[in-house]
Amino acid sequence: MNRELREFRRLERLCLEQAALSTMDLARSGLLKVANDCRVAAEAIEAQSPRGAFAEAVQALKLALSAKSTSKRH
């Protein structure tokens, strides 16, 4: 999945670069549409990817602290 994400991001950059260099409106428009599609695909992959270990550890710590403070009140 990480390889796919990198490839979509690479294709997005490539299309944006080529669109900037294009002198034809139709070609520029097509390249910008493909770049947008690559961006959307990359964002979808990022949304599916599991969170990093650090983010999970922070979340677990927050849950533990909130449970501890709740138990002190009761």
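Sequence order sets the numbering: in each chain, residues are counted from 1 along the sequence as written. Whole-chain, interface and lining totals are the exception, using all residues; otherwise, since this is a predicted model, local features are given only for residues with pLDDT of at least 70 and side-chain atom pairs are given and counted only at 80 or more. The side-chain values count all of the structure's non-hydrogen atoms but skip hydrogen atoms and water molecules.

**Q** Just give me the short version of the overall build of the protein, but keep the residues and values in it.
**A** Secondary structure assignment for the protein yields three helices and zero strands. Strands are runs of DSSP state E lasting at least 2 residues, helices are runs of H or I lasting at least 4, and numbering of each runs from the N terminus. Written out in order from the N terminus, the α and β elements of the protein read α-α-α. Evaluated residue by residue, the protein yields a buried proportion of 12% over its 74 residues. A 1.4 Å probe and the Shrake-Rupley method give the accessible areas. Residues count as covered only by the protein chains that appear here. On the protein, roughly 6,000 Å² of surface is accessible, and the fraction owed to carbon and sulfur atoms is 61%. Accessibility here uses a 1.4 Å probe with only protein chains present; expressed as a share of the type maximum, an area under 20% marks a residue as buried, one over 50% as exposed, and anything in between as partly exposed.

**Q** A description of the environment of Glu4 should follow, citing residues and the corresponding values.
**A** For Glu4, the location among the structural elements is in helix 1 (residues 2–21). A relative accessible area of 44% means that Glu4 is categorised as partly exposed. Distance in space between the C-alpha atoms of Glu4 and Ala41 is 9.3 Å, their sequence separation being 37 residues.

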